[in-house]
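Chains, contacts and geometry: an overview
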Amino acid sequence: MLNPMRSFSSLFATTLIMVLGAGLLTTYLGLSLAADGVAQLWIGGMMSAYYLGLVVGSKLGHKLIGRVGHIRTFVASAGMVTASALGHALTDDLQVWLVLRLMVGTGMMCQYMVLESWLNEQAETNQRGTVFASYMIVSYVGMVGGQTVLSFFPELGLQPLLLVGICYALCIVPIALTKRIHPAPLHPAPLKILPFWRQVPQSLTTILMAGGISGSFYGLAPAFAAGSGLSTKEIAVFMSATIFAGLLAQWPMGKLSDKIPRSRLLRVNSALLGLIVLAMAALPITGPLLIGMTFCFGILAFTLYPLATALANQHIDANERVALSATILLTFGIGATIGPLIASGLMQLLGNSMLYGYMSLACLVLFIRLQRVNYNQKMAKRMLSQQSSSDYQVASGDLVSSPLAAALDPRVDEDLVQQQMRDDAIPAAENESEHVAKPADTAENTENTDEDPLDAKDSSLSEQSSAPVKPN
C-alpha cells in the first residue's frame, strides 16, 4: 500500500504553496487598508468580494474542467489569480481592488475544485480519510506559513505582494509535472437548496453562521489587532495562533463527534464560542491572555463547519451527497459574503471590538435556532411514537365476537383453540336436547343473552334440525 503523502506529493505541494500565498495576501490587504485609515466597511467589502468570487467560481469551475480538463483549468486559474494579486500594486483605487478580490476568489475556487476532485477520484477507498486529512493539514500549515512570512515585512511594502505572485506562479509547477493520470471531467452538481434546508436545517444553519464568522475573522481580524495596538509581528502571531488551534482541533473534535451526538456537540460548541467572543468584545484583553482567548476561539470556530457537514451527511442518502456538497459550499459562501459586511458596518459605527460583538450575536442566533429545531424534532418523534403501537389488535366487526376470532389472533396457540372447540362440542349437544324438551325456556334464554345475533340464528337452526317429525 502506497503512502498517501508520497502518492499525492505533487498535489499536496501545489496546495501548500497556493494556500501560503492566499493566507499572506488576505492578511496583507487587511493590514494595508487599516494602516491607510480606510473605513472598516471597505475592508469587510474586500473579504465579501473574495467569498462572492468563491461562489461564482463554484459554477465556473465545473464548466472549465469539463471543457479543457483539470491541469489546463488550474494553470489558467493560477495565471488569473497571479495577475489579480499583483494588480493591487498598480493602483490604490478601492473599487478596482474589489474587482481584483472577486477575480482572486473566482480563480482560487477553480483551483480548489481541481485539487479536491482529483484527490477524491484517485484516492483509494481504504485511504480516503487519510488523504483528505493530509490535505487539510497541508492547507492549515500553508495558512499558518502565510502569517509567519508576513512577520518578516513589518513595513508592509510591495515585497509581500511580490511574494504572493511568486507563490501563485510556483504552485503551477508541481501539478504540471505530476506523473499521475488525469481524472475524468466533472459534471455540474445539482442544487437542492430548499429540500436540504427542510431535511437538515441544523447543519445548514450552522454552516451559514460558520461562513459569516470565518469570513469576518480572516478579513477583519488583522484590522482589529492593528486597532488594538499590536505590531505587524504580533498580528502574525495572533493570526497564526488562531489558525493553528483550528488545525489541532480537527482530529480530537472528529473523534469526540463519534461518541457524542453531533447536534448536541454543535449546541455546546456555539454556546462556548458565544461566551468567548462576548468576553473578547466586552473586556480589554491584551498580551498573552489575548493569544490564549483567540486560540480557544480557533478551536471552536473552525470546527463548526466540519461538524455540521458530518451531521448533514449522516442524514442524507449516498446518491444525494454530491448535491448536498454543492449546497453546503453555496451556503458557506453566502454566509462568508454577508458576514464581513455586517461586521465591518458594526465596527465602523460602534467601534473596533464589534467584530467579536457581531460574532457573539451570530452565536446567539445559532444556539437559539439549534435549540428550537432540536426541540421540534423531539416533539415530532414523541408524537409519532405515541401514535404507533406495537400491540396486536383485532379489527372491530362481527368477526370479533365469533369463535373464529381466537383462531385468527396470532397471540393464541392454534392447537389450544382446536382442543377447546372439541371440548365444547359435548356440552353443545346436551344443550340441544334440553332445548327440544323445553322450547319455552329456549326462547327466554335467547332473548336475555348477550351473544351475537349470528350465534343465536345458528342455535335456532340447530333446534329445527333436531326436532322430531310429526306423522301425517
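From a predicted model like this one, the values you see are computed outputs, not experimental measurements.

About the criteria used
Residues numbered from 1 in each chain as written. Predicted model: local features only at pLDDT ≥ 70, side-chain atom pairs only at ≥ 80, totals over all residues. Heavy atoms only, no water. Helix = DSSP H or I, 4+ residues; strand = E, 2+ residues; numbered from the N terminus. Buried < 20%, exposed > 50% of the residue type's maximum accessible area, 1.4 Å probe, protein only. Areas by Shrake-Rupley, 256 points an atom, 1.4 Å probe, with all protein chains shown as cover. Salt bridge = Lys/Arg side-chain N within 4 Å of Asp/Glu carboxyl O. Patch = residues over 30% accessible without salt bridge, like charges linked within 9 Å, V, L, I, M, F, W, Y side chains within 5 Å. Lys, Arg positive; Asp, Glu negative; His and termini not counted. Charge placed at Lys NZ, Arg CZ, Asp CG, Glu CD. Contact = heavy atoms within 4.5 Å. Polar contact = N/O pair within 3.5 Å; in protein donor to acceptor, adjacent residues only side chain to side chain. Expected span 1.5 Å × (residues − 1). Axes fitted to C-alpha atoms, helices over the stretch in contact; angles between N-to-C directions. Parallel < 35°, antiparallel > 145°, perpendicular 65-115°, else oblique. Left-handed = near helix turned anticlockwise from the far one by under 90°. Nonpolar A, V, L, I, M, F, W, Y, C, P; charged D, E, K, R; others polar. Phe/Tyr/Trp six-rings, centres within 6.5 Å; stacked < 30°, edge-to-face > 60°.

**Focus on the overall build of the chain**
Helix and strand content of the chain: 21 helices and zero strands. Here the chain holds 472 residues, and 46% of them are scored as buried. For the chain, the accessible surface area stands at approximately 24700 Å², while carbon and sulfur atoms represent 63% of it.

**As for the pattern of salt bridges**
Considering all chains together, one arrives at one salt bridge under this definition. Between R262 and D258 there is a salt bridge, and its shortest N-O distance comes to 3.0 Å. A residue is classified by how much of its surface remains accessible, and R262, at 18% relative accessible area, is buried. Judged by relative accessible area, D258 falls into the exposed class, the value being 55%.

**A word on a positive patch on the surface**
On the surface, R264, K378, K381 and R382 cluster together to form a positively charged patch. The element contributing the most residues to the positive patch is helix α16 (residues 354-387), with three residues. As for its position among the elements, K378 is in helix α16.

**A look at the side chain of Q147**
Within the secondary structure, Q147 sits in helix α6 (residues 128-150). On the basis of relative accessibility, which here comes to 2%, the residue Q147 falls in the buried class. When neighbours within four sequence positions are excluded, Q147 is seen to be in contact with G23, T27, A236, M239, S240 and I243.

**Details of the environment of Y28**
Here Y28 is to be found in helix α2 (residues 9-35). Setting aside residues up to four positions removed in sequence, Y28 forms contacts with L150, L156, G157, P160 and L161. Within the structure, Y28 has its side chain in polar contact with the backbone oxygen of G157 (distance 2.8 Å).

**Some details on the side chain of S263**
Within the secondary structure layout, S263 lies in helix α12 (residues 262-282). Beyond its immediate sequence surroundings of up to four residues, S263 is in contact with Q202, L311 and N374.

**Observations regarding α2**
Over its 27 residues, α2 extends 39 Å from the first C-alpha to the last, a length consistent with the 39 Å expected when each residue adds 1.5 Å. Of all 27 residues in α2, 20 are buried, a share of seventy percent or more. Looking one or two residues past α2, G37 carries a phi angle of roughly 75 degrees, positive in sign.

**A look at a nonpolar patch on the surface**
Taken together, the side chains of I166, L170, V173 and L177 define a hydrophobic patch exposed on the protein surface, amounting to about 380 Å² of accessible area. Inspection of the secondary structure puts V173 in helix α8 (residues 172-176). Since its relative accessible area comes to 41%, V173 is described here as partly exposed.

**Thoughts on the packing of helix α3 (residues 40-68) against helix α5 (residues 94-122)**
Interaxial distance between α3 and α5 falls to 6 Å at its minimum, and their mutual angle equals 40 degrees. Put simply, α3 runs oblique to α5. The way α3 lies across α5 gives a crossing that is right-handed. Counted by class, the contact of α3 with α5 contains 21 nonpolar, nine polar and one charged residues.

**Let's talk about the environment of I285**
With respect to the helices and strands, the residue I285 is situated in the loop between α12 and α13 (287-301). Look at I285 and you get buried, because its relative accessible area is 15%. I285 sits 57 residues away from S228 along the chain, and the two C-alpha atoms are 9.4 Å apart.

**Section: the packing of aromatic side chains**
Applying the stated rule across the entire model yields twelve aromatic pairs. Where Y51 meets F332, the ring centres are 6.4 Å apart and the plane angle is 70 degrees; that geometry is what we call edge-to-face. Of this pair, Y51 sits in helix α3 while F332 is found in helix α15 (residues 321-350), placing the two residues 281 residues apart along the sequence. Across the pair, exposure class does not vary: Y51 and F332 are buried alike. For the pair F297 and Y356, a centre-to-centre distance of 5.9 Å together with 85 degrees between the ring planes defines the contact as edge-to-face. Highlighted residues: F297 in helix α13 and Y356 in helix α16, separated in sequence by 59 residues. Taken individually, F297 and Y356 each receive the classification buried, so the pair is uniform in this respect.

**Some details on unusual backbone geometry**
Despite not being glycine, L156 has its phi angle at roughly 55 degrees, a positive value. For L156, a relative accessible area of 18% puts it in the buried group.

**Describing the environment of C167**
With respect to the element layout, C167 can be found in helix α7 (residues 159-170). In this structure the C-alpha to C-alpha distance between C167 and L16, which are 151 residues apart in sequence, comes to 9.4 Å.

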